[in-house]
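A structural walkthrough
Next come the chains, spelled out residue by residue.
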Amino acid sequence: MNKPSILIARAVFPEVIARLQQHFEVEQNDSDEPLSRDQLLARLQGKAGVFTTGGERIDAALLAACPQLRICANMAVGYNNFDLPAMTAAKVLGTNTPDVLTETTADFGFALLMATARRLTESEHFLRAGQWTKWSYDLFAGAEVHGSTLGILGMGRIGQGIARRGAHGFGMNVIYHNRSRLTPELEQECKARYVGKEELLREADHLVLVLPYSPESHHAIGAAELAQMKPTATLVNVARGGIVDDVALAKALRERRIAAAGLDVFEGEPKVHPDLLTVPNVVLTPHIASGTVKTRLAMANLAADNLIGYLVHGKPVTPLNPEAVGS
Ligand code: 8YV
């Protein structure tokens, strides 16, 4: 029997490609460079599945041009690159990679919080530039982490992981806001108290964003929200670019409306707004929150499991819209 054909849209672990080759005719983009929209459309012709990495936009126009496509397997937990209703209408399955990255991403969220509060990169740049000539009482004095109030906006699995680290590891007072409230058991486990968004903004010493991107969460943190935060507060975004209004944030940082920010994601990344590159009180990382070798390999293998599960055995592992295909 002929093997189904799939496209791997971006370079990925060779061992994962080898696994996929056991089941499929595999065409792959060997480069780290994303395919252009036209290249993606051309290379998807005749393919039953595509391994995406979160950057490839799958929408109604692409689906109409690729009628043989049956599954898009994202190597990411976020799937804002998928127009899921359009995929469901076209009977195309979408899958993502939940759970395998939760703890690693929560580790990084906490690392970014600490680096931001304790001014890690700003002080390192100072030292590397040869500017450290003496000790002084307020040299890079930052904000306290232990015992302070940790605010979390978006309390899914990663948000809960960050809450646990804060409450159990650093004795923090954890408050959160989310579309839906956690069960009392989960609230107790995370030692987290549900509050309204305004109270969250007002009370948090450190505010961590972990909510999915959608038109509703676009610029959830803009000038008005930043104005409600404490001037001593830090803001951390490990969710998606576009949730924060980067221009408003750069202005708030420059004017010390808030003390500092830690950003792993940006509007229009990999481009970073030039205003953010020139303010000193921001820690910037290139979307690496899930980036340990073990976790990235687990994510890639889960995306592969979904392709194999659905196209070979009719059963995907982590489907987003199972109703689309009755699986
Ligand atoms: C990915 C992420 O590395 O899982 C997500 O949603 O943001 C990251 O873990 C990125 O999306 C590339 O696939």
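Residues numbered from 1 in each chain as written. Predicted model: local features only at pLDDT ≥ 70, side-chain atom pairs only at ≥ 80, totals over all residues. Heavy atoms only, no water.

A few points about the overall build of the chain
Summing up its helical and strand segments, the chain has 13 helices and 12 strands in all. Compactness check: the chain gives a C-alpha radius of gyration of 21 Å against a globular reference of 20 Å for 327 residues, within 12% of the reference. Taken along its principal axes, the extent of the C-alpha atoms in the chain is 75 × 50 × 35 Å. In the chain, buried positions account for 49% of the 327 residues. Considering only intrachain contacts with a sequence separation of at least 6, the fraction spanning at least 24 residues in the chain is 62%. Approximately 15,500 Å² of the chain is accessible, and the part contributed by carbon and sulfur atoms is 54%. (Helix = DSSP H or I, 4+ residues; strand = E, 2+ residues; numbered from the N terminus. Rg over C-alpha atoms; globule rule 2.2 N^0.38 Å. Buried < 20%, exposed > 50% of the residue type's maximum accessible area, 1.4 Å probe, protein only. Contact = heavy atoms within 4.5 Å. Areas by Shrake-Rupley, 256 points an atom, 1.4 Å probe, with all protein chains shown as cover.)

A closer look at the sheet that holds strand 4 (residues 71-74)
Taking strand neighbours across the sheet as the criterion, the five strands line up as 2-1-3-4-5 in an open arrangement whose pairing is parallel. Either end of the sheet is taken by a strand with one partner, and the two such strands are strand 2 (25-28) and strand 5 (93-95). Ignoring strand direction, the axes of neighbouring strands in this sheet form an average angle of 15 degrees. Here strand 1 (residues 5-8) runs beside strand 3 (residues 49-52); their pairing, made up of three bridges, is parallel. Its bridge partner lying in strand 3, L7 is registered against V50. Against the sheet, helix 13 (residues 293-311) engages strand 1, strand 3, strand 4 and strand 5, with an angle of about 165 degrees to strand 4. (Pairing = 2+ DSSP bridges. Axes fitted to C-alpha atoms, helices over the stretch in contact; angles between N-to-C directions.)

Some words on the sheet that holds strand 9 (residues 206-209)
Strand order across the open sheet formed by seven strands is 8-7-6-9-10-11-12, with parallel pairing between neighbours. Lying at the two open borders of the sheet, with one neighbouring strand each, are strand 8 (192-194) and strand 12 (282-284). When the angles between neighbouring strand axes are averaged without regard to direction, this sheet yields 20 degrees. Here strand 9 pairs with strand 10 (residues 234-237) via four bridges, running parallel. If you follow L209 over to strand 10, its bridge partner there is N237.

Here we look at the domain arrangement of the chain
By domain assignment, the chain separates into domain 1 (5-100 + 293-324) and domain 2 (102-284). Taking only C-alpha atoms into account, the centre of domain 1 sits 31 Å from that of domain 2. Contacts between the two partners involve seven residues from domain 1 and, on the opposite side, five residues from domain 2. When the buried area of domain 1 at its contact with domain 2 is split by residue, N80, D99 and T295 rank highest and sum to 68% of it. On the surface where domain 1 and domain 2 come into contact, there are one salt bridge. Residues R157 and D99 are paired through a salt bridge, measuring 3.3 Å at the closest nitrogen-oxygen approach. Residues that form the side of domain 1 that touches domain 2 fall into these classes: three nonpolar, three polar and one charged. (Domains from an automatic or database assignment. Buried area = accessible area lost by both parts, 1.4 Å probe. Salt bridge = Lys/Arg side-chain N within 4 Å of Asp/Glu carboxyl O. Nonpolar A, V, L, I, M, F, W, Y, C, P; charged D, E, K, R; others polar.)

Some thoughts on the nonpolar core
Residues L20, F51, L150, I152, I162 and L307 are the most contacted members of the largest nonpolar core, which totals 50 residues. Elements that contribute at least two residues to this core include exactly strand 1, helix 1 (14-21), strand 4, helix 5 (102-117), strand 6 (149-153), helix 7 (157-170), strand 7 (173-177) and helix 13. Ranked by residues supplied to this core, first place goes to helix 13 with eight residues. (Core = buried A, V, L, I, M, F, W, Y, C linked by side-chain atoms within 4.5 Å.)

With respect to the site of the ligand
Neighbouring residues of the ligand: T53, M75, A76, V77, G78, L101, R240, H287, S290, R296 and M299. The side chain of S290 places a nitrogen or oxygen atom 2.7 Å from an oxygen atom of the ligand. Notes on the ligand: free accessible area 330 Å², of which the protein chains cover 84%. For the shell around the ligand, the residue count by class is five nonpolar, four polar and two charged. (Near = heavy atom within 4 Å. Polar contact = N/O pair within 3.5 Å; in protein donor to acceptor, adjacent residues only side chain to side chain.)

Considering unusual backbone geometry
Residues E269 and P270 are joined by a peptide bond in cis, for which omega reads 10 degrees. Phi at K91 takes a positive value of approximately 60 degrees, unusual for a residue other than glycine. Position of K91 among the secondary structure elements: in the loop between helix 4 (84-89) and strand 5. A residue is classified by how much of its surface remains accessible, and K91, at 59% relative accessible area, is exposed.

Re the pairing of strand 10
In summary, the side chains of a regular strand alternate between the two faces of the sheet. Taking every second residue as pointing to the same face, both faces of strand 10 are buried, with T234 and V236 on one and L235 and N237 on the other. In this sheet, strand 11 (residues 260-263) lies alongside strand 10 in parallel orientation, the contact comprising four bridges. Each residue of the ladder has a partner; that of N237, found in strand 11, is L263. A crossover connection joins strand 10 to the parallel strand 11 through helix 11 (residues 246-254); in handedness this β-α-β unit is right-handed. (Right-handed = clockwise from strand over helix to strand, strands pointing away.)

Some words on the packing of helix 1 against helix 13
When two helices pack together, their arrangement is given by the angle between their axes and by how far apart the axes lie. It is the contact of helix 1 with helix 13, at a shortest axis distance of 10 Å, that shows an interaxial angle of 10 degrees. By the angle between their axes, helix 1 is roughly parallel relative to helix 13. Residues E15, V16, R19 and L20 of helix 1 form the contact with helix 13, whose participating residues are L297, A300, N301, A304, D305, L307 and I308. Counted by class, the contact of helix 1 with helix 13 contains seven nonpolar, one polar and three charged residues. (Parallel < 35°, antiparallel > 145°, perpendicular 65-115°, else oblique.)

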